Amino acid sequence: MSRVYQGRTSVKVWAQKAYFESLTSIDMGLTIFIGISNFIGAVLLFCLRKQAFYFFVFAFALGLLITVWHIFNKGFIAALPSGGFVGMLFGWGLTVTILLYTKKLQKFGILK
């Protein structure tokens, strides 16, 4: 931290360190669980399985619940991911696009 105060390190690195230190083991576990769900969804989508949609929905919903939980417990600014509000919107937009694409494939009978 002394490097931050001496001007040798950007404040962004210090803010990231503070953010990661504020995470609990539950936060880390749920984040890993979301990542695993997304990975399984991607593998299932690659295999053209309709279950992919449900894994993506589960991961997205769990991520939203965690964000709402953090907003109520830490405040809106502290709940934002490292990319900030724009990064959060971009991530959500990308996820919703994947959900819509997967649902469309399911509707047309491509996913079995």
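Residues numbered from 1 in each chain as written. Predicted model: local features only at pLDDT ≥ 70, side-chain atom pairs only at ≥ 80, totals over all residues. Heavy atoms only, no water.

In the predicted model, the protein carries a mean pLDDT of 82, and 74% of its residues have values of at least 70. Across the protein, element-level confidence peaks in helix 3 (residues 25-46) with a mean pLDDT of 93 and bottoms out in helix 1 (residues 2-6) with 46. (pLDDT = per-residue confidence, 0-100. Helix = DSSP H or I, 4+ residues; strand = E, 2+ residues; numbered from the N terminus.)

Moving on, we get to the side chain of Gln106. Along the chain, the position of Gln106 falls in helix 6 (residues 84-107). Here Gln106 falls in the buried class, since its relative accessible area comes to 15%. Other than its neighbours up to four places away in sequence, Gln106 contacts Lys50, Phe53, Tyr54 and Leu111. (Buried < 20%, exposed > 50% of the residue type's maximum accessible area, 1.4 Å probe, protein only. Contact = heavy atoms within 4.5 Å.)

Let us look at helix 3. The first and last C-alpha atoms of helix 3 sit 31 Å apart over 22 residues, in line with the 32 Å expected at 1.5 Å per residue. Restricting attention to buried positions, one finds in helix 3 the residues Asp27, Ile34, Ser37, Gly41, Leu44 and Leu45. Seen end-on, helix 3 carries its buried residues on one side only, within an arc spanning 115°. Exposed residues on helix 3 whose side chains face more than 90 degrees from its buried face are Ser25, Ile32, Phe39 and Phe46. Once helix 3 finishes, Leu48 follows within two positions and takes phi at roughly 60°, a positive value. (Expected span 1.5 Å × (residues − 1). Arc of directions from axis to C-beta.)

Before going further, it helps to spend a moment on the packing of aromatic side chains. In the structure shown here, the tally under the stated rule is two aromatic pairs. Ring centres of Phe33 and Phe58 lie 5.6 Å apart, and the angle between their planes is 90°; on these two criteria the pair is classed as edge-to-face. Of this pair, Phe33 sits in helix 3 while Phe58 is found in helix 4 (residues 51-74), placing the two residues 25 residues apart along the sequence. Since its relative accessible area comes to 42%, Phe33 is described here as partly exposed. Take Phe58: its relative accessible area is 39%, and that puts it in the partly exposed class. Pairing Phe53 with Tyr54 gives two aromatic rings, centres 5.5 Å apart and planes at 75°, and the pair type is edge-to-face. For Phe53, a relative accessible area of 14% corresponds to the buried category. (Phe/Tyr/Trp six-rings, centres within 6.5 Å; stacked < 30°, edge-to-face > 60°.)

What follows covers helix 4. Residues spaced three or four apart along an α-helix face the same direction, because each turn holds 3.6 residues. Taking 1.5 Å per residue, 24 residues should reach 34 Å; helix 4 reaches 34 Å between its end C-alpha atoms and fits that length. Three or more residues of helix 4 are buried, namely Ala52, Phe53, Phe56, Ala59, Phe60, Leu62, Gly63, Ile66, Thr67 and His70. Backbone geometry just downstream of helix 4 places Gly75 in the positive-phi region, at approximately 100°.

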